[in-house]
Amino acid sequence: MRDVDLNRPGTPESPGAWDARSEQWLAVGGVEADRPADGAGDAPVGPRPGAASGSAVYGGVAADGRPGRAGGREPAVPPRRGPADPVKALMHRHRELCERAVDPLEIAAGLEAHGITDRTAARFRHRDVFSLAEEMFARVPRAADAPAKRPVAADPPRGRAEWIVRSLLPGAAGVATLAGLRLTDGQVRLVVAAVGVAALALAVRAALTRGPLSAHRTRPASPPPATGPRVWTCWLLAYAVLGDGLLTAAATGGPDSPPTGTPDSSWPVDTAVLPALALSCAPAAWSAHLLTAGARRRLTASRGLEEFATAVRPLLLGAFALYLTALATLHALTAAVLEEPADHARTLTLGALLLLARLLIVHGFRHAPALVLGVAAAAEALAVAALFAARLPGCGFLALPVRGLLDGWGADSVPVLVCGAGALTLLIHAGRRLTRASAHAVAQAPAPAPVVRDDRC
């Protein structure tokens, strides 16, 4: 009879499904209370506290027919996570760079050119950009016969001999032109001067086409050079020969005649500066070669961008000082041979401006040199124009700044200030740009596109 009584339907006398024993079991079970044992996934589980009596869950299905979860909990939304492999995402972003690179140094230079620094590399769990580039280079699928490492680029003996000869051509043309001007007079001198200027221009073009001063040496795929820097350079060279004499003559009411190159001319001509600058093309080429070769050796040995910049900065300053020393020596020699006073300040500032502009152009930085050369040429032209404009009625005040410089510092103060300010600007800019790894990476010409033959004829 007792079993019958136990099975008789009636109102339960217990406190409910969530009594003190349930609380004790939950406290003892801890986290395991939320996870049923193996094979017990279909066991009934009591409702959560505060839930309605009809929302009890049995085997993952609520009593009211709605799908649920054991324990009455709602399914948790998994948190969003970033990419599991950030280096792989970076490789996908720079896929073209990784595929055409032939050594990790090229990848490191490319990443640094895109603004990735050592601090950014730390986010990819690498100590610097170089180690990050090594991992990216190692993970790029390559052919079995692909070279694993590329040695530092060096000039073959024939190539070095070629650019050495080319760098000597401007000096030879300048000396020959100067000798022809000394030995002739009258109309013949004008013809010799015109032929000499044309020969000098061709010689300078040959020196800048091949060798360390060529922009295609480090950037084979670079666009052709703009005509702006060429025009400004020609103007600066012409002013170095004729500008000071024109300023002096304009300040005194002249000039009365065109320049003749003779001592008694009303328009004096400086014939020592142009041969010195022409002869300095060879030291400029050697300075650029030493800078490029030394920077690439540092690029192989360095392990960080800051370390590379610290190692290259003395090379840049050393190459710059070497060129200025050679230019000062050549200018003193040409002035002594021509029996003219040597104006070192004007010649050195102009040579420094032209060298720094060429170094930046060679390594792919064209905008700053073009801008600085254009401003320098415009400032010199404005100084000359101010003296002639002051002759107009009521415009005498335009010549006051130039006359102040002429009275206090001489005619050469204008090019010294203009070219000196430009050279200082480019030196600071070169100290930031030419100490980057991307400026000295060995660039290769892009491979020609494959020819696709269409046989559907």
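Residues numbered from 1 in each chain as written. Predicted model: local features only at pLDDT ≥ 70, side-chain atom pairs only at ≥ 80, totals over all residues. Heavy atoms only, no water.

**A closer look at the overall build of the chain**
Threshold: Each helix is a run of H or I in the DSSP string that is no shorter than four residues. Each strand is a run of E no shorter than two, and both are numbered from the N terminus. The buried label goes to any residue with under 20% of its type's maximum accessible area, the exposed label to any with over 50%, and the partly exposed label to all in between, with areas taken from a 1.4 Å probe on protein chains only. We call two residues in contact whenever any of their non-hydrogen atoms come within 4.5 Å of each other. In short, Shrake-Rupley with a 1.4 Å probe defines the accessible areas, and a residue's cover is counted only from the protein chains shown.
A count of helices and strands for the chain gives 18 helices and three strands. Residues classed as buried in the chain amount to 38% of the 457 residues present. Of all intrachain contacts in the chain linking residues separated by at least 6 positions in sequence, the fraction that spans at least 24 positions is 72%. Put simply, the chain shows about 27,000 Å² of open surface, and 63% of that area lies on carbon and sulfur atoms.

**Points about helix α5 (residues 104–113)**
When you tally the buried positions in α5, you get nine out of 10 residues, the bulk of the element. Pro-104, Leu-105, Glu-106, Ile-107, Ala-108, Ala-109, Gly-110, Leu-111 and Glu-112 are the residues of α5 that are buried. Those residues of α5 that are buried lie in contact with α4 (95–100), α7 (129–139), α13 (281–301) and α14 (305–338). Backbone geometry just after α5 places Gly-115 at a positive phi near 95°.

**What to know about unusual backbone geometry**
For Glu-339, which is not a glycine, the phi torsion comes out positive at approximately 60°. Among the secondary structure elements, Glu-339 is positioned in the loop between α14 and α15 (344–362).

**Comments concerning the packing of aromatic side chains**
What counts, and what does not: By convention, a stacked pair of Phe, Tyr or Trp rings (six-membered ring in the case of Trp) has centres within 6.5 Å and planes under 30 degrees apart, an edge-to-face pair has planes over 60 apart, and any other such pair is tilted.
Counted by the stated rule, this structure contains one aromatic pair. Judged by centre distance (5.1 Å) and plane angle (65°), the rings of Trp-163 and Trp-286 are edge-to-face. Here the residue Trp-163 occupies a position in helix α8 (residues 157–183), and Trp-286 occupies one in helix α13, the gap between them amounting to 123 residues. On the accessibility criterion, Trp-286 (35% relative accessible area) is partly exposed.

**What about the nonpolar core?**
Selection rule: Remark: nonpolar core denotes a set of buried residues (Ala, Val, Leu, Ile, Met, Phe, Trp, Tyr, Cys) joined through side-chain atoms within 4.5 Å.
Leu-236, Leu-353 and Leu-434 are the most contacted members of the largest nonpolar core, which has 53 residues in total. Elements supplying a minimum of two residues to this core: α11 (227–251), α12 (273–279), α13, α14, α15, α16 (367–389), α17 (400–409) and α18 (413–433). Considering each element in turn, this core owes the most residues, nine residues, to α15. Discounting chain neighbours no more than four positions away, the residues touching Leu-434 are Leu-291, Val-312, Leu-316, Leu-359, Leu-360, His-363, Phe-365, Ala-439 and His-440. Judged by nonpolar contacts, the second largest core, of 25 residues, contains Ala-101, Val-129, Val-140 and Leu-305.

**What to know about a nonpolar patch on the surface**
The cut-off we apply is this: Patch definition: residues with relative accessible area over 30% and no salt bridge; like charges joined within 9 Å; nonpolar side chains (Val, Leu, Ile, Met, Phe, Trp, Tyr) joined within 5 Å. The term salt bridge refers to a side-chain nitrogen of Lys or Arg lying within 4 Å of a carboxyl oxygen of Asp or Glu.
Among the surface-exposed residues, Trp-286, Leu-290 and Leu-322 lie close enough to one another that they form a single nonpolar patch of about 270 Å² accessible area. The class of Leu-290 is partly exposed, set by a relative accessible area of 45%.

**What about the pattern of salt bridges?**
For side chains of opposite charge, pairing can occur when their charged atoms come near one another. In total, this model carries six salt bridges according to the counting rule given. With its nearest N and O atoms 4.0 Å apart, the salt bridge here joins Asp-343 to Arg-346. One connected set of salt bridges, linked through shared partners, spans Asp-244, Asp-270, Asp-343 and Arg-346.

**Structural notes on the environment of Leu-132**
Assignment of secondary structure puts Leu-132 in helix α7. Looking at Leu-132, the relative accessible area reads 0%, which means it is buried. On a C-alpha basis, the gap between Leu-132 and Leu-111 in space is 9.4 Å, while along the polypeptide they are 21 residues apart.

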